Protein chains: 2
Amino acid sequence: SLNRIKASGLKLRFCTNETQATREKFVKKLQGLGFDISVGEVTAPAPAACRLLKGRGLRPHLLVHDDLVPEFAEIDKTNPNCVVIGDAAENFTYANLNKAFQVLIGMEKPVLIALGRGRYYKETDGLKLDVGAYMKALEYACDVQAEVVGKPSKMFFESALAEMGVPPDQAIMIGDDIENDVGGAQQCGMRALQVRTGKYRSVHPQHP
Amino acid sequence: SLNRIKASGLKLRFCTNETQATREKFVKKLQGLGFDISVGEVTAPAPAACRLLKGRGLRPHLLVHDDLVPEFAEIDKTNPNCVVIGDAAENFTYANLNKAFQVLIGMEKPVLIALGRGRYYKETDGLKLDVGAYMKALEYACDVQAEVVGKPSKMFFESALAEMGVPPDQAIMIGDDIENDVGGAQQCGMRALQVRTGKYRSVHPQHP
């Protein structure tokens, strides 16, 4: 079906909240599964965060997965004046969380940027806490509200639309996540279609 | 001044949110500093949690500091049906947080008991995230509200009053924490006195 969309001449973006790897690695994985996809077609939280950082002159302290760090290669990280939090997985240590907290609490007005707000996800060895949980911990400790740059934020979908040059009412979002994919797109004025695979649950059709 | 209170015949309880050590260890430390204090005079979150667990037939999965574990010696911890979270410090590892989360999310109706809701505290090597931050992470991930048994919960102050056999309007709370000590006691119908040491800040006299 992906090939049929491409053959029809419709414009296409892949919108992911993946923050455990660079877009390069993400694309390679999907290519390995047989998908026709290139890095230039991917909208992801890290590049969105980089645009935000550059635009506002922010220098981040990164609390992210090691494999995501290359996405921030061109960003000045000296003398940090904000914290960027992603799904850091094994990097969510007690020491690293305290370090990020200390950077935030040391600021007159703490700036916390989150690459998503997922609650948890499934891995082969069980459910894991996602970035949203750790974001909430820092929000509470510093009495601050994080700015979320991944799905379901409006800005994220607006970036994807701008990259295609398509207005929201002529676009449709296809995804499995009722909040991040469907809800986020709808809030941006797009239509959305939920596939009945992955995170789909039978209670979703009754979801507000 | 402590000796004068005791000499006057007034009833006295020490109310602490300490959850990094047993009451025994806490008392020894204060005795070493010259205070006339015994274990029987201390109201602390862990014993309050034990009463709650026993009363409701709850078997906890503990996410607490190693030194606090002895306080739960008499509690059945097999086949857990709730999570108790304290200031676990170095025990707040990625693996331990995922484990506590997995216990909660596996329950039909998750029960999370927090031994306090502090945001952060100061140690010699800097500020550290307190139990409240990790409580918020689990609350968000599991869409549940924790039951807080330490200060400033009403139940905690009611326990202290019951132990003395004194009604709230005949008691006064003395402490340095505007929320946990002063706010908590006031919500329980007690008067409260804030000392101008420790956590006291000059903005506090304007606090609602």
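Chain A is annotated in an unreviewed UniProt entry as Phospholysine phosphohistidine inorganic pyrophosphate phosphatase of Merops nubicus. In its Cofactor (unreviewed entry) section, UniProt records this for chain A: "Mg(2+)". Its UniProt record gives chain A a comment under Catalytic activity (unreviewed entry), which states: "diphosphate + H2O = 2 phosphate + H(+)".

(A) Main features of the relation of the copies chain A and chain B. Of the transformation placing chain A onto chain B, the axial shift is 0.0 Å and the rotation is 180°, giving an RMSD of 0.0 Å. In the structure described here, the two chain copies are related by an operation that fits a two-fold rotation axis. Mapped onto chain B, 100% of the interface residues of chain A are again interface residues, and the two copies thus contact each other with one and the same surface.

(B) Structural detail: the pattern of salt bridges. Residue and element names in this part refer to chain A. This model, assessed by the stated rule, comprises 23 salt bridges over all chains. With its nearest N and O atoms 3.6 Å apart, the salt bridge here joins Lys6 to Asp36. One end of the pair, Lys6, is in helix H1 (residues 2–7); the other, Asp36, is in the loop between helix H2 (23–32) and strand E2 (42–43), and 30 residues separate them in sequence. Exposure remark for Lys6: the relative accessible area of 24% places this residue in the partly exposed category. Overall, Asp36 belongs to the partly exposed group, its relative accessible area being 42%. Between Lys136 and Glu139 there is a salt bridge, with its nearest N and O atoms 3.4 Å apart. With Lys136 and Glu139 both in helix H5 (residues 131–142) and 3 residues apart, the pair spans about one turn of that helix. Classification of Glu139 as buried rests on a relative accessible area of 10%. Ionic contacts of the salt-bridge type, sharing partners, join the residues Lys6, Asp36 and Glu41 into one network.

Analysis parameters
Residues numbered from 1 in each chain as written. Chains lettered and ligands numbered in written order. Predicted model: local features only at pLDDT ≥ 70, side-chain atom pairs only at ≥ 80, totals over all residues. Heavy atoms only, no water. UniProt positions renumbered as here; feature names shortened; annotations may be inferred. Least-squares fit on C-alpha atoms with pLDDT ≥ 70 in both. Contact = heavy atoms within 4.5 Å. Salt bridge = Lys/Arg side-chain N within 4 Å of Asp/Glu carboxyl O. Helix = DSSP H or I, 4+ residues; strand = E, 2+ residues; numbered from the N terminus. Buried < 20%, exposed > 50% of the residue type's maximum accessible area, 1.4 Å probe, protein only.

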